[in-house]
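# Descriptive structure summary
So the chains spell out like this:
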Amino acid sequence: NAGVTQTPKFRILKIGQSMTLQCTQDMNHNYMYWYRQDPGMGLKLIYYSVGAGITDKGEVPNGYNVSRSTTEDFPLRLELAAPSQTSVYFCASTMAPGQGSGAGELFFGEGSRLTVL
Amino acid sequence: AQTVTQSQPEMSVQEAETVTLSCTYDTSENNYYLFWYKQPPSRQMILVIRQEAYKQQNATENRFSVNFQKAAKSFSLKISDSQLGDTAMYFCAFMMYNNNDMRFGAGTRLTVKP
């Protein structure tokens, strides 16, 4: 089982460049999330989605955009990259509450390490 | 928005002993989930244990158990018979039942010493 797949695993950007982090899951999960984790810190929620066509801002959405055109895919776009966006990015998914006993258990991708120079 | 606080940035424990990690949270809601996740050096996030707020019984998973105090909004993790493989960052997380954003605490770095 593939689970949650993120690409790329590593990327170096120059200030002002843009890029998209891809995330796809094959578990038919309704809920998907993007987090960032700065060195030695916890996870900060960037954006989340409860289903295709629906997205919401989390704690730190500035500088990012998302879309959810299908249940499987939840790409994160960085516009005009800045050094403050240097971080490890995690995509995650879960069932919605009431969909099963595993609701709320997040399945994470392996992370994408982004460096902005 | 709900907040999750882990007041212990770092902890250590001797192998085979017991350690307790603290977590408090702030919410006005009644129905929610609480989680402990483990992040070893490999960076992979691993679910350790899960608690539903409507259940009064504390969750247990082998050597891992929680002390869930709903009135005090406290959710501590006890690791018994600590093993070297338990060395990791541990994150407490909160998710409301009728909402969907999952919030994490800042984490506690646990080191198990031989």
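Note that this is a predicted model, so its numbers are computed, not measured.

### Quick look at the pattern of salt bridges
This structure, assessed with the given rule, holds nine salt bridges over all chains. A salt bridge links Lys73(B) to Asp26(B), with the nearest nitrogen and oxygen atoms 3.9 Å apart. On the criterion of sequence distance, the pair formed by Lys73(B) in the loop between β8 (64-69) and β9 (74-79) and Asp26(B) in strand β4 (residues 24-26) is long-range, its members being 47 residues apart. Taken together, the shared-partner salt bridges connect Lys44(A), Glu59(A) and Arg103(B) into one network.

### A closer look at unusual backbone geometry
Of note, the bond from Thr7(A) into Pro8(A) is cis; its omega dihedral lies within 30 degrees of zero at -5 degrees. Checked against the element boundaries, Pro8(A) lands in the loop between β1 (4-7) and β2 (10-13). Phi at Asn28(A) takes a positive value of approximately 60 degrees, unusual for a residue other than glycine. You can see Asn28(A) is positioned in the loop between β3 (19-25) and β4 (31-37). A positive phi angle is found at Lys73(B), which is not glycine, with a value near 55 degrees. Assessed through its relative accessible area of 26%, Lys73(B) is described here as partly exposed.

Definitions and cut-offs
Residues numbered from 1 in each chain as written. Chains lettered and ligands numbered in written order. Predicted model: local features only at pLDDT ≥ 70, side-chain atom pairs only at ≥ 80, totals over all residues. Heavy atoms only, no water. Salt bridge = Lys/Arg side-chain N within 4 Å of Asp/Glu carboxyl O. Helix = DSSP H or I, 4+ residues; strand = E, 2+ residues; numbered from the N terminus. Buried < 20%, exposed > 50% of the residue type's maximum accessible area, 1.4 Å probe, protein only.

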